[in-house]
Every structure is written in C-alpha cells, then in structure tokens.
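Architecture and fold: a report
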Amino acid sequence: MKLDPQPSGTSKPTPSTRIETEVAVIGAGPGGSALAGFLRKRGHRVVVFDKDAFPRFHIGESLLPMSIPALDEIGLDLSREPYALKKPGALFLDEGSSGNLRINFAKALPGSFPHAYQVERQYFDHAVAQRAAALGADVRFQEEVHDWKEHADHVELTGSFGTCRAAIMVDASGQQALIGRRNRSVQQLERFGRCASFSTFAKVHSPTAREGVGEGDIVIFLCSKGWVWLIPLPGARVSVGLVEQKPVPGSTAEETLMGCIQGSDYLSRFFDGAERIAPFRRIANYSYYNLAPSSARTASVGDARAFLDPIFSSGVTIAVLTARLLAQEISAALGEKRALALEDYWRRCEVAYTTFDRLIERFYRPEWVRNVFFASGTEDRLVREFTSILAGDVWRDDNDIQQKFLKTKPRTGFGSEPAKAR
Ligand SMILES: Cc1cc2nc3c(=O)[nH]c(=O)nc-3n(C[C@H](O)[C@H](O)[C@H](O)COP(=O)(O)OP(=O)(O)OC[C@H]3O[C@@H](n4cnc5c(N)ncnc54)[C@H](O)[C@@H]3O)c2cc1C
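On to the packing of aromatic side chains. On inspection of all chains with the given rule, the structure shows 22 aromatic pairs. On the basis of an interplanar angle of 70° and a centroid distance of 6.0 Å, the ring pair of Y286 and F307 is categorised as edge-to-face. Pair noted here: Y286 is in the loop between β17 (281-284) and β18 (288-290) and F307 is in strand β20 (residues 306-307), with a separation of 21 residues, a long-range link. Each member of the pair, Y286 as well as F307, carries the same accessibility label: buried. Ring geometry for F363 and F373: centres 5.0 Å apart, planes at 75°, overall edge-to-face.

Next up, the structure:
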C-alpha cells in the first residue's frame, strides 16, 4: 500500500486561493474521510481539510464489526491491509473476582457482521482519506480551517488555504469539536473513565499474551485502578492503556502505566520479555456531548458530535456509520437546494449514543459487571444481545437488552449534568 503524505492529485494552494464546493469537511479522520467517500459515491463535490500531515498518530486501534461493511462500501477492504489484524472478539477479565466473559462476534444476533479488525490508526486513517481521494474528493492535508461564517445559502470558510465557499460545512474535527466550542454547547461527561495513560509494546510473546490476544481479540482487564485495554497489532505488538477516573495528582503517564503493569500479576506475566516501542502518552477529559451539533448549513460528525468512553471501542464505528447516514441527509438537501433538516438523523444517532452510554454507565458499576454482564455467559440469548451491541449493530428493534437500555434514564448524565464550556 502507498503511504505517501499526500494523496495523488491534491495540491497545496497559496493562501489567496478561493475554493468553491458543495460540501466542505473539516478533518480527515475516519469520520470526515468516510463522509467524503459516501458523498462522492452520491456524486457530490467535496473538499476535506486536515491541519495535519498524514500518516499521523491517533489513539483508538480497535474497530467494531459493523464498521467493516460500511468501509467496504467506500472501497476499503481491511482483509488486505498490512496494518490490520482480524479481531474475532473481545475478552473481559476482572482481576478482583476472576470473573470473565468472552464475546465472539460470530455469535451475535442474526445479521451482525461476524468480525472486526484492530488497526494501526495512522495507516488506517490515511487509507480512509486515500479512499475518499480515490473516489474524487479533494483531500488537502496541512490545511487548517480557522473560522467560518454561515449565510442563508452557503458557508464561507477561511483558513491556511485562503477561502472556501460551500453549500454545507461539516465539522469532523474530532476532539477539537469546533462547532461545539464556538456554540459553548460541549457538555462534559463526568461519570465515565476520565484519564487514559498508554503506550505500545513489541515482542509480546508470553504464554499469557498468547492466551489473551493470540487470536486477535481485544482484552479489557478490570483492575483496582480502573480498566486496561490490550489491543494486539500486527507483528506481535500490543497497544496498552490504563483508564482511570482520577489519576494520582502529579503522576506521569509512565509512572501510572508501568505502576499498573508491574503491580498486576496478570499484566506482568502478559508483558514478560516485551519491549516498549512508543512514547508514554496521556489524554484526559475526552468524554462529552455536543448539545448543539448542527444548524441550517452546518453539521458535526464523529468525535466533533460526541465521544463517550473508549471501553467498548465504539468511537470510529459510530463515526463511520453516522457519516454514512449524514451523507444521505446532505445529499437530499443538496438535491432539493434547501437547508439541512436533521431531526430524524439526530434521533437515529441518539439510538447509537444512548445505547452505548447506558452500557458504559453500567460497566462502571462493579456489581453490575459481576452480577449481570459476567453472569450472562450462561444465558445464550442475553450474551447474543450484548454481542450485537458490542458489534455496533444498534439499529435493530429485536434486541431486548438494548431496548431496556434505551428506556432507562442515566443515574447521572446526558441532560442532567451542568453544561461546561470546554
Ligand atoms: C483513550 C482513547 C482510546 C480510544 N480507543 C478507541 C478504540 O479502540 N476504538 C475506537 O473505535 N475508538 C477509540 N477511541 C475513539 C476514536 O479514536 C475516535 O472516536 C475517532 O478517532 C473519531 O474519529 P473522527 O474522525 O471523528 O476524529 P479524529 O480521528 O480525531 O479526526 C479529526 C481530524 O480533524 C483534524 N482537525 C482538527 N481541527 C482542525 C482544523 N481546525 N482544521 C483542519 N483539520 C482539523 C485533526 O487533525 C484530525 O485529523 C478512543 C479514544 C480515546 C480518547
């Protein structure tokens, strides 16, 4: 696969350039690039701006099954990509109670896709952007959007590229959440894991690692400090991160992560003989909803709309699936030469966000994990229902546990937490 920093056919204009297009997308992450690909498949003119040169590092390597057919629709077949490892399932382990549950995606409710992939995000994100470019999108790297002004029939963007006039603008800027920050409508979610310290190890060959991630599963390891992800990557490498509610004040990412690994019998055995190959990194306060995600001529998608929590690896999948839905809405608006009408679209999106929100909230309650989630292994129907949610197959009405989640109010949270501008 070609991994050059710019897709062929794109050029860097001088700052005085004036661009005219139907849709301008801010951000070439999986949300923005997938949206551009879906819009191109509907024949629309799209320009995508990303401030960074690709490939660039991004956390979040584990995909869910339902993203795979969607990515296939824009021509990305991950079974052929060297940076992707087949992911048949997820193994949940609890250090305290020794409880465990293995989710096998092939055993979801009928209709779910049977497996996913773990991906090195820098190459995956670049490949999605290259697919958008191959479909005809004008993808411009190292071009930052600085501002925009919405008019009755178009949006005027300004940035390092000059100016851009677009009928519709989409904010796919990830955690920058440009629309949300401007509207002061980003509401932090305080009730999930709030700080992740992470790195990557190579030469992960121990018997404990082979048993856990050897088939390509993600391992979610619950421990006294919070929970740990173990994501296998091609070439015996493993991405590892600890998610905590409150890190020890003044502690570094290295102290936090290594302290966790060295203090755990399971993780010490898992990484026995392995070598760290990436810097220690930390990211915090990443969970929020944007309560005003669109207007007549603008919309947000992916993390710019919301990011819940990394525990079920739902971020990229929700970004790609909602981008596909948004492309339909934008296409209809452009075809009828009208503004966006996104009420139904947001209702559909809410089904996905609310389903994961309710499951995540339960996962931060140890008694629920022990008494309901781990215990579901003995109930075939219930474990299939959990599996379908964890596959990202959330727009179906025959999943009883999901329907129950959708009816429950959170103990705290969406709609009930005080709004905080970020
Ligand atoms: C600790 C942690 C672990 C995670 N693990 C997983 C996981 O295992 N699986 C999973 O699916 N998800 C995971 N996620 C979430 C996942 O990474 C995101 O949901 C996903 O990247 C969202 O894609 P996006 O396209 O919306 O945003 P991004 O991928 O963040 O892309 C946004 C792009 O916008 C560009 N941009 C920003 N501002 C501007 C501007 N002004 N002008 C031009 N360009 C701009 C940025 O350069 C960036 O390339 C994790 C998140 C966290 C915090």
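That shown, we press on.
Our focus in this paragraph is the domain arrangement of the chain. Domain parsing of the chain yields domain 1 (18-57 + 121-186 + 290-407) and domain 2 (195-284). Distance between the C-alpha centres of domain 1 and domain 2: 28 Å. Facing the 9 residues of domain 1 at the interface are 7 residues of domain 2. In this assembly, domain 1 packs against domain 2 so that about 650 Å² is buried in total across both faces, 77% of it on carbon and sulfur atoms. When the buried area of domain 1 at its contact with domain 2 is split by residue, F57, I311 and Y364 rank highest and sum to 58% of it.

Per-residue confidence for the chain gives a mean pLDDT of 93, with 93% of residues at or over 70. Between residues 1-11, whose pLDDT stays under 50, and residues either more than four places distant or in other chains, the model counts 23 contacts. This model gives residues 412-422 a pLDDT under 50, and the stretch forms 31 contacts once residues within four places in sequence are excluded.

Turning next to the nonpolar core. Grouped together as the largest cluster of nonpolar side chains are 101 residues, with contacts concentrated most on L78, F92, F124, I330 and F373. Here this core gets 11 residues from one element, more than from any other, and that element is helix α8 (residues 315-335). No fewer than three residues from each of domain 1 (18-57 + 121-186 + 290-407) and domain 2 (195-284) sit in this core. If we ignore the near neighbours within four places in the chain, the residues touching I330 are V23, L35, L39, I168, V170 and L340.

Helix-helix packing is characterised by the crossing angle of the two axes and by the distance between the axes. Close contact between helix α9 (residues 343-363) and helix α12 (residues 400-407) brings their axes to 9 Å; oriented N to C, the two are set at 90°. Of the possible angle classes, the one that applies to α9 and α12 is roughly perpendicular. Here α9 contributes V351, T354, T355, R358, L359 and R362 to the contact with α12, which in turn contributes Q402, F405 and L406.

What follows concerns the site of the ligand. In the vicinity of the ligand, 37 residues are found, and the nearest of them are D50, H58, S62, R121 and D303. Within the backbone of G31, an N or O atom sits 2.8 Å from an oxygen atom of the ligand. K51 has a polar backbone atom sitting 3.1 Å from a nitrogen atom of the ligand. About the coverage of the ligand: the protein hides 96% of its 1,000 Å² of free accessible area. At the level of elements, α1 (30-41), β14 (226-233) and α8 are the ones that each hand at least two residues to the shell around the ligand. Its residues placed into classes, the shell around the ligand shows 16 nonpolar, 12 polar and 9 charged. Built from parts of two domains, the shell around the ligand gets at least three residues from each of domain 1 (18-57 + 121-186 + 290-407) and domain 2 (195-284).

Reading guide: rules and limits
Residue positions are counted from 1 within each chain, in the order its sequence is given. Where local features are concerned, this predicted model is filtered to residues with pLDDT of at least 70; where side-chain atom pairs are given and counted, the filter is 80 or more; whole-chain, interface and lining totals use all residues. Hydrogens and waters are ignored; side-chain quantities use all the structure's heavy atoms. Each pair of aromatic rings taken from Phe, Tyr and Trp, with Trp reduced to its six-membered ring, is defined by centres within 6.5 Å and is described as stacked if the planes are under 30 degrees apart, edge-to-face if over 60, and tilted in the remaining cases. Helix and strand definitions here come from DSSP, where helices need a minimum of 4 consecutive H or I residues and strands a minimum of 2 consecutive E residues; each element is numbered from the N-terminal end. Here the term buried applies to any residue with accessible area under 20% of the maximum for its type, exposed to any over 50%, and partly exposed to those in between, with areas from a 1.4 Å probe on protein chains only. Domain delimitation in this document rests on an assignment produced automatically or drawn from a domain database. Pairs of residues are marked as contacts when any of their non-hydrogen atoms sit within 4.5 Å. Buried area is calculated as the accessible area (1.4 Å probe) missing from two parts once they are joined, with the contributions of both summed. Scored from 0 to 100, pLDDT reflects the predictor's confidence in each residue. Throughout, nonpolar core names a set of buried Ala, Val, Leu, Ile, Met, Phe, Trp, Tyr and Cys residues whose side chains join them through atoms within 4.5 Å. Convention adopted: a line fitted to C-alpha atoms gives each axis, helices being fitted over their contacting stretch, and angles between N-to-C directions are expressed from 0 to 180 degrees. Angles are sorted into four bins: roughly parallel if under 35 degrees, roughly antiparallel if over 145, roughly perpendicular if 65 to 115, and oblique for all others. The rule for a residue being near a molecule or strand is that one of its heavy atoms must lie within 4 Å of it. Any pair of N or O atoms that falls within 3.5 Å is considered a polar contact. Within protein, one atom must be able to donate a hydrogen and the other to accept it, and sequence-neighbouring residues count only if both atoms are side-chain atoms. Only the protein chains shown count as cover for residues, and the accessible areas themselves come from Shrake-Rupley with a 1.4 Å probe. When residues are grouped by polarity, Ala, Val, Leu, Ile, Met, Phe, Trp, Tyr, Cys and Pro land in nonpolar, Asp, Glu, Lys and Arg in charged, and all others, Gly among them, in polar.

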